[in-house]
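Here is how the chains run, residue by residue.
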Amino acid sequence: SPTFLKLQYPSLYLHHRLIFPTEELTACELETTMELLKQPHHCFLVFLFGLVLLFPAALSWKDAVTHVHQFVIQEASVKRLCKTQHVMTVNGMYPGPTLEIKNGDTLSVKVINKGKYNITIHWHGVRQMRTGWADGPEFVTQCPIRPGGSYTYRFTVRGQEGTLWWHAHSTWLRATVYGALLIQPREGTNFPFAKPNRQSTLLLGEWWNANPVDVVREATRTGAAPNISDAYTINGQPGVSSSPTDTVVVPISSGETNLLRVVNSAMNQPLFFTIANHKFTVVGADASYVKPFTTSVLMLGPGQTTDVLISGDQTPGRYYMAARAYQSAQNAPFDNTTTTAILEYSKSSSAAKPIMPRLPAFNDTPTVTAFSTSFRSREKALVPAQVDENLFFTVGLGLNSCPPNFNKTQQCQGPNGTRFTASMNNVSFSLPSNFSLLQAHKQGIRGVFTTDFPAAPPRVFDYTGNVSRSLFQPATGTKLYRLKYGSRVQVVLQGTSIVTPENHPIHLHGYDFYIIAEGFGNFNPKTDSSKFNLVDPPLRNTAAVPVGGWAVIRFVADNPGVWLMHCHLDVHITWGLAMAFLVEDGVGKLEAIEPPPEDLPICS
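Described in the following lines is the structure provided in the data block. (Residues numbered from 1 in each chain as written. Predicted model: local features only at pLDDT ≥ 70, side-chain atom pairs only at ≥ 80, totals over all residues. Heavy atoms only, no water.)

Focus on the overall build of the protein chain
Then comes step 1: Looking only at helices and strands, the protein chain features 10 helices and 32 strands.
Then comes step 2: Expressed as a percentage of the 604 residues in the protein chain, the buried residues total 59%.
Then comes step 3: Relative to all contacts within the protein chain whose residues are 6 or more apart in sequence, the contacts with residues 24 or more apart total 79%.
Then comes step 4: Total accessible area on the protein chain is roughly 24500 Å²; 53% of this is exposed by carbon and sulfur atoms. (Helix = DSSP H or I, 4+ residues; strand = E, 2+ residues; numbered from the N terminus. Buried < 20%, exposed > 50% of the residue type's maximum accessible area, 1.4 Å probe, protein only. Contact = heavy atoms within 4.5 Å. Areas by Shrake-Rupley, 256 points an atom, 1.4 Å probe, with all protein chains shown as cover.)

What about the sheet that holds strand β8 (residues 178-184)?
The strands making up a sheet associate through hydrogen bonds between their backbones, and the pairing can be parallel or antiparallel.
Then comes step 1: The strand order across the open sheet formed by 4 strands is β3-β8-β7-β5, and the pairing between neighbours is mixed. Sheet topology places β3 (99-102) and β5 (121-124) at the edges, where each strand pairs with a single neighbour. Direction aside, neighbouring strands of the sheet carry axes that sit 20° apart on average.
Then comes step 2: Looking at chain direction, strand β7 (residues 162-168) and β8 are connected through 6 bridges and run antiparallel. Within β8, the position partnered with Trp165 by the bridge is Ala180. (Pairing = 2+ DSSP bridges. Axes fitted to C-alpha atoms, helices over the stretch in contact; angles between N-to-C directions.)

Points about the packing of aromatic side chains
Then comes step 1: Taken as a whole, this structure holds 28 aromatic pairs when the rule is applied.
Then comes step 2: Ring geometry for Tyr94 and Tyr178: centres 6.3 Å apart, planes at 90°, overall edge-to-face. Linking Tyr94 in the loop between β2 (83-90) and β3 with Tyr178 in strand β8, this pair joins segments that are 84 residues apart in sequence. Judged on exposure class, the residue Tyr94 and its partner Tyr178 are both buried. (Phe/Tyr/Trp six-rings, centres within 6.5 Å; stacked < 30°, edge-to-face > 60°.)

Describing the pairing of strand β9 (residues 199-207)
In the case of a regular strand, side chains alternate between the two sheet surfaces.
Then comes step 1: Extensive coverage of β9 is indicated by the burial of 8 of its 9 residues.
Then comes step 2: Sheet topology places β9 next to strand β12 (residues 257-264); 6 bridges connect them, and they run parallel. If you follow Ser200 over to β12, its bridge partner there is Leu260.
Then comes step 3: Taken together, the 4 bridges between β9 and strand β10 (residues 231-234) define a ladder with antiparallel strand orientation. Counterpart to Leu204 in the pairing with β10 is Ile234.

Regarding the pairing of strand β11 (residues 248-252)
Then comes step 1: Here β11 shows a buried face lined by Val248, Val250 and Ile252 and an unburied face lined by Val249 and Pro251.
Then comes step 2: Relative to strand β19 (residues 339-345), β11 is paired through 5 bridges, and the arrangement is parallel. Across the sheet, Val249 pairs through a bridge with Ile342, a residue of β19.

Describing unusual backbone geometry
Then comes step 1: A cis amide bond links Tyr94 to the next residue, Pro95, at an omega of -10°.
Then comes step 2: Considering the arrangement of structural elements, one finds Pro95 in the loop between β2 and β3.

Considerations on the side chain of Gln327
Then comes step 1: Tracing the backbone through its elements, the reader meets Gln327 in the loop between β18 (318-325) and β19.
Then comes step 2: Other than its neighbours up to four places away in sequence, Gln327 contacts Gln269, Ala332, Pro333, Phe334, Phe362 and Asn363.

Things to note about the nonpolar core
Then comes step 1: If you look at the biggest cluster of nonpolar residues, it comprises 59 residues, and the most contacted ones within it are Phe393, Met424, Val491, Leu493, Phe555, Met565 and Phe581.
Then comes step 2: For this core, the leading source of residues is strand β20 (residues 389-401), giving 6 residues.
Then comes step 3: If we ignore the near neighbours within four places in the chain, the residues touching Leu493 are Phe393, Met424, Ile506, Val545, Gly549, Trp550, Ala551, Ile553 and Met565.
Then comes step 4: Of all hydrophobic cores here, the second largest spans 45 residues; its members include Val177, Ala287, Leu437 and Leu600. (Core = buried A, V, L, I, M, F, W, Y, C linked by side-chain atoms within 4.5 Å.)

Regarding the state of the cysteines
Then comes step 1: Evaluation of the coordinates by the stated rule reveals 2 disulfides.
Then comes step 2: Note on cysteine connectivity: Cys402 is disulfide-linked to Cys412, with sulfurs 2.0 Å apart. Across the S-S bond linking Cys402 and Cys412, the dihedral sits near 75°, which makes this disulfide right-handed. Taken together, the residues span a long stretch of sequence, with Cys402 in the loop between β20 and α7 (408-411) and Cys412 in the loop between α7 and β21 (418-424) at a distance of 10 residues.
Then comes step 3: Look at the protein chain and number its bonded cysteines as they come in the sequence; the links are 1-4, 2-3. (Disulfide = S-S within 2.5 Å.)

What about helix α5 (residues 212-222)?
Then comes step 1: Regarding α5, the residues found buried are Pro212, Val213, Val215, Val216, Ala219 and Thr222.
Then comes step 2: The secondary structure elements touched by the buried residues of α5 are α7, β21 and α10 (570-575).
Then comes step 3: Regarding α5, its N-cap is Asn211, as a side-chain oxygen of that residue lies 2.9 Å from the backbone nitrogen of Val213 further along. (Polar contact = N/O pair within 3.5 Å; in protein donor to acceptor, adjacent residues only side chain to side chain.)

What to know about the environment of Gln199
Then comes step 1: As for its position among the elements, Gln199 is in strand β9.
Then comes step 2: C-alpha of Gln199 to C-alpha of Leu259: the two residues are 60 residues apart in sequence and 4.7 Å apart in space.
Then comes step 3: Within polar-contact distance, the side chain of Gln199 engages the side chain of Arg261 at 2.7 Å.

Below you can see the structure in the form of structure tokens.
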């Protein structure tokens, strides 16, 4: 971004300002530029920089396409596990439609709500540069689309290639309202690896023999944990645990190298994924390419995507692809079923019994650590070397005492007559209900939020040790943290052992970030800073904070708006494990959020 150039490479920034002027150069910039241009190599650099930036951009603009879609939110009957449920869907499909575009293309998706619930759609992982009104989280960037209403999400995807996805961002509707977003290489370019023979998408999900909205409403009423799911699914099918007709088949031929795009779209569970007798070459994650590495098992937290190559190098036959839980929270109930699909070689008998793979133990944290620490950016990363904002966020669960006016037996069914909660820096996030945060920010509406989210926890304690019960109950608030445009931000995400330690997939809307380090125990800046990878850290939009540990991320605040950061275990965001950044506009039109669309839903 221009701001990154200004901070890291001032002379290149001035070259950029000459080529892409958003406003007049200041007197100081003009004087400096004239001095630079007296030097022959800087004159040439301006010319070369212009060629490098303008020509490819012109070509991509010329070939960019606008893809127009219509999503009708409607109830449909879906039979799984021998039971029929009436669930919310897009266009009657479960999962919803796969959208496929190229890097640089624009999406225009009109969402028509013919269902009975308010709804929004989030485009998970899309940067939404200056188009925050299209991001989708309910009461954060927009008010919900009411039954009978509609809203068109319009945005351009630039600089991202690989696999993202979309999902509902209202209550627990995303249990059935979700789908893949595939971003192919920009026109005239190729994958940074040999072109695969074919591509397949695998959406890992969760299924309840109940209405998911009723499940979360009952948990909210009782204060207890919600009922666990009845099955996991691959592309909406539970697989062998149900019946052979409910199993997805993925084709492959001997000698082929195929690209699998794996998405964890489950509600509340990190998942292991493997294929019998086959290895994966990981080539991408969260729509960013990575240095290829080989593994026999993947672990994805909810919200994460992983692109892998598999080779048809085994004896032709049928091989199970299987997924089941990675369960890091001790003594917490979880769905321990296994979902399957079948990798089927051409010319193999459909009657042949598939080979079942071995999956890691449910609590196999060493395998998770080995996998997560293998990710590296494919090229040298543009990670900020210095930071302007050094933040420390605790993330974890909590317990609220039973309010005096509640029925303790019916409404306080958490441990020892409490109600479950969750927080970041001891603040349990509460969404507004009359205005969206972005609307309140841009229209100057007072009383909707405050900008005093703490930069560090109010009390220092042994975060992953034996925590005093006096720290179990957080405050509640709608607190945002304000960032200046262009500021270089570091966030330490520190897990806690309050109630129980757990692996938390933390997702930041509107941004990718570099994960520069992770570890176990309490983060120690004196000793752990030496572990920072500032050369080739992975670029992600969702970081799996290790159970009983921490992760450190960095990004440049170059996208103005209000951006939610939250745990992607939906039970945790329901309890308040979230916060939001308010990123101020920069200088000029190109560093400011676009005006809201005319059809932006209003609150009523």
